[in-house]
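Examining the three-dimensional arrangement
The residues making up each chain are set out below.
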Amino acid sequence: GRPFDGLVHTYIPDMDEDKIYMDYNATTPLEPEVIQAITKALHEAWGNPSSSYTAGVKAKAAIAQARENVARLVGGKPEDIIFTSGGTEANNLVFHSALEAYRESCRTAEQGGDSHHHRDNSRTSSAWPRPHLIISNVEHDSVRLTAEHLLKDAQADVTLVAVSKVTGRVEVEDVLTAVRPNTCLISIMMANNETGVMMPIRELCQRIRSVSGQRHHRILLHTDAAQAIGKVGVDARDLGVDYLTIVGHKFYAPRIGALYVNGPGSTTPLHPMMFGGGQERNFRPGYGWRPIPNAELVISNLPEYESHMLDTRKYLEERLQAVFGKERIHFNSHFPDSESLPNTCNVSILGPRLQGRKVLSSCRRLLASVGAACHTHRGDRPSHILLSCGIPEEVAANALRLSVGRGTSRADVDVVVEDLRNAVETLESLN
Ligand SMILES: O=C(O)CC[SeH]
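Below is a short write-up of the structure. Since the model is a prediction, treat every value here as computed from it, not as a measurement. (Residues numbered from 1 in each chain as written. Predicted model: local features only at pLDDT ≥ 70, side-chain atom pairs only at ≥ 80, totals over all residues. Heavy atoms only, no water.)

Digging into helix H1 (residues 32–44)
- Compared with the 18 Å implied by 1.5 Å per residue over 13 residues, the 18 Å span of H1 between its first and last C-alpha is a close match.
- For H1, every residue scored as buried is listed here: Pro 32, Val 34, Ile 38 and Ala 41. (Helix = DSSP H or I, 4+ residues; strand = E, 2+ residues; numbered from the N terminus. Expected span 1.5 Å × (residues − 1). Buried < 20%, exposed > 50% of the residue type's maximum accessible area, 1.4 Å probe, protein only.)

Put into structure tokens, the structure is as follows:
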């Protein structure tokens, strides 16, 4: 791969030498140490972890080590970590568990002799209101579409709390206003994948817990931390969440996921969506890849990663304004009153011929996106996330999402800005 700046041993495998990757919010390459650890595990720890002979014992030990690594990464205990196939499964498991917990609390109330609620083993007796879910209007599709499905399937009522067009984030008061007696889950992402804006999760959890005492139905709290881990500190217990979603392929690990649950099945409800061979204490049976050996890399290097990515992103923004002029550059990820991820620059180069996809396809070296990778099917429509944040349509249409990584250098930024300048010149010279 290309030489890097020496900060970390990161390289971009299998990529043309002259390409510059700036789409780290979409996915990250694996660290060499991770590839080595996986290769080692494939050679030595291939056994069934339930088997008592060496290969099985080694496999079980590898999983235990990965679980401990992930627990340290998010400030939990190893028993709080449930491995999943990815972030989507982890998010779905949260919604499934929250609805099951709500139904159980309804049945418990009925069994308490509450006569006017007739006994009914259907999912929720008609006497009880449907469970109510609260999410934001800028969530990842694995949260938004899960909630949408439950609404369409008449399994739950859903409120999408709109982010503020001033701060780009969900405001705690607006979430509190949306709470109902039948609210059973609030799921708000820790940081948005397109704007990089961080949500006030800690304050939200504190305020919700302060009102939960007098309620019949517990409000469970979840945050999808996929975009935050590896970029900023993530401490589930400090945040005060019941669930926290972890995704490996956003911090140079394999494409697997995990769910932090504060005391799964005891302090916090967790109900399996699948049944089988007992893996993951039956919360999530079935074998999948476990190794996230590079948690130590994040734990010991996070301050350097974070400051390097912030420095690189700020340099990128300076160079964009220097080359295109401040009046032609609109930063869609600048919300002065909000915290944001260190690595994310969502920018529009203003002009009638400079739609994001056109500009990117005219670039020779830059590899980036106009928004979430899973929204590519939306064609040229501006990102609904940017529109929800109050970005005008003609500005959102020109959005480029530039997300830098641990190994992105200032030299890479210079190449990318020059590439963008050439692309814009070409597009504006077309008659
Ligand atoms: O934002 C991205 O590209 C990753 C989630 Se689809």
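Thoughts on the sheet that holds strand S2 (residues 81–84)
- Spatial strand order, S2-S8-S7-S6-S5-S3-S4: seven strands in an open sheet with mixed pairing. The open sheet has two free edges, formed respectively by S2 and strand S4 (157–161), since each of these has just one partner strand. Between one strand axis and the next, the sheet turns by 20° as a mean value, whatever way the strands run.
- Relative to S4, strand S3 (residues 132–136) is paired through five bridges, and the arrangement is parallel. Note that in S4 the partner of Ile 135 across the bridge is Leu 160. (Pairing = 2+ DSSP bridges. Axes fitted to C-alpha atoms, helices over the stretch in contact; angles between N-to-C directions.)

Regarding the layout of surface pockets
- Estimated volume of the second largest pocket: approximately 360 Å³.
- If you go around the second largest pocket, you meet 24 residues; those closest to its centre are His 140, Ala 226, Val 247, His 249 and Lys 250.
- Here the lining of the second largest pocket takes three residues from helix H3 (residues 87–111), the largest share from any one element.
- Among the residues making up the lining of the second largest pocket, the classes are represented as nine nonpolar, eleven polar and four charged. (1 Å grid on protein atoms, 1.4 Å probe; cavity = no way out; pocket = protein on both sides within 12 Å on 5 of 7 lines; lining within 4 Å. Points joined across faces, edges and corners; volume = space filled by probe spheres on them. Nonpolar A, V, L, I, M, F, W, Y, C, P; charged D, E, K, R; others polar.)

Structural notes on empty space enclosed by the protein
- As enumerated under the stated definition, the model contains two cavities of 30 Å³ or more in all.
- Its boundaries defined by the atoms lining it, the largest cavity holds a volume of some 50 Å³.
- As for the largest cavity, its lining consists of 13 residues, and the residues nearest its centre are Gly 230, Lys 231, Lys 250, Tyr 252 and Met 309.
- Partitioned by chemical class, the residues of the lining of the largest cavity number six nonpolar, four polar and three charged.
- Here the second largest cavity is characterised by a volume of approximately 40 Å³.
- If you go around the second largest cavity, the residues you meet are Ile 186, Ser 187, Ile 188, Ile 201, Leu 204, Cys 205, Leu 221, His 222 and Val 241.
- Those elements giving two or more residues to the lining of the second largest cavity turn out to be strand S5 (183–187), helix H6 (201–212) and strand S6 (220–224).
- Per-class residue counts for the lining of the second largest cavity are seven nonpolar, two polar and no charged.

Quick word on the nonpolar core
- In terms of nonpolar packing, the biggest core is built from 53 residues, with Val 74, Ile 81, Ile 186, Ile 229, Leu 244 and Ile 246 touching the most fellow members.
- Of all the elements in the fold, those that place two or more residues in this core are helix H2 (54–74), S2, helix H5 (172–178), H6, helix H7 (236–239), strand S7 (243–247), strand S8 (257–261) and helix H8 (295–324).
- When sequence neighbours within four positions are dropped, the list of residues in contact with Leu 244 reads Val 74, His 222, Thr 223, Ala 225, Ile 229, Val 234, Ala 236, Leu 239, Ala 258, Leu 259 and Tyr 260.
- Ranked by size, the runner-up nonpolar core spans 31 residues in total, among them Tyr 315, Leu 360, Val 413 and Leu 420. (Core = buried A, V, L, I, M, F, W, Y, C linked by side-chain atoms within 4.5 Å. Contact = heavy atoms within 4.5 Å.)

Section: the packing of H8 against helix H12 (residues 410–429)
- Contact geometry for H8 and H12: axes closest at 10 Å, N-to-C directions at 30°. Considering their axes alone, H8 and H12 lie roughly parallel with respect to each other. For H8 against H12, the interelement crossing comes out right-handed. Judged by residue contacts, Asp 311, Thr 312, Tyr 315, Leu 316, Arg 319, Leu 320, Val 323 and Phe 324 of H8 engage Arg 410, Val 413, Asp 414, Val 417, Leu 420, Arg 421 and Val 424 from H12.
- Looking at side-chain class alone, the contact of H8 with H12 contains nine nonpolar, one polar and five charged residues. (Parallel < 35°, antiparallel > 145°, perpendicular 65-115°, else oblique. Left-handed = near helix turned anticlockwise from the far one by under 90°.)

Points about the pattern of salt bridges
- For the structure shown, the criterion picks out 23 salt bridges.
- As a salt-bridge pair, Arg 328 and Glu 428 come within 2.7 Å of each other at their nearest N and O atoms. Separated by 100 residues along the polypeptide, Arg 328 in the loop between H8 and strand S9 (329–331) and Glu 428 in helix H12 bring together distant segments of the chain.
- Linking Arg 421 and Glu 425 is a salt bridge whose minimum nitrogen-to-oxygen distance equals 3.1 Å. Placement of the pair is Arg 421 and Glu 425 together in helix H12, with a separation of four residues, close to one helical turn.
- On the basis of relative accessible area, Arg 421 is assigned to the partly exposed category, the value being 29%.
- One continuous salt-bridge network, built from bridges that share partners, spans Asp 141, Arg 144, Glu 148 and Lys 152. (Salt bridge = Lys/Arg side-chain N within 4 Å of Asp/Glu carboxyl O.)

Quick word on the site of the ligand
- Around the ligand, the structure places Asn 25, Ala 26, His 140, Asn 193, Gln 227, Lys 250, Ala 372, Ala 373, Cys 374 and Arg 401.
- Asn 193 is positioned with one of its side-chain polar atoms (N or O) 2.9 Å from an oxygen atom of the ligand.
- The contact in question runs from an oxygen atom of the ligand to an N or O atom on the backbone of Ala 373, over 2.7 Å.
- For the ligand, the protein covers 92% of the area, taking 240 Å² as the surface of the free molecule.
- Judged by the proximity of its atoms to the pocket grid, the ligand belongs to the second largest pocket.
- Along the lines of polarity and charge, the residues of the shell around the ligand split into four nonpolar, four polar and two charged. (Near = heavy atom within 4 Å. Polar contact = N/O pair within 3.5 Å; in protein donor to acceptor, adjacent residues only side chain to side chain. Areas by Shrake-Rupley, 256 points an atom, 1.4 Å probe, with all protein chains shown as cover. Sits in = over half its atoms within 2 Å of the grid points.)

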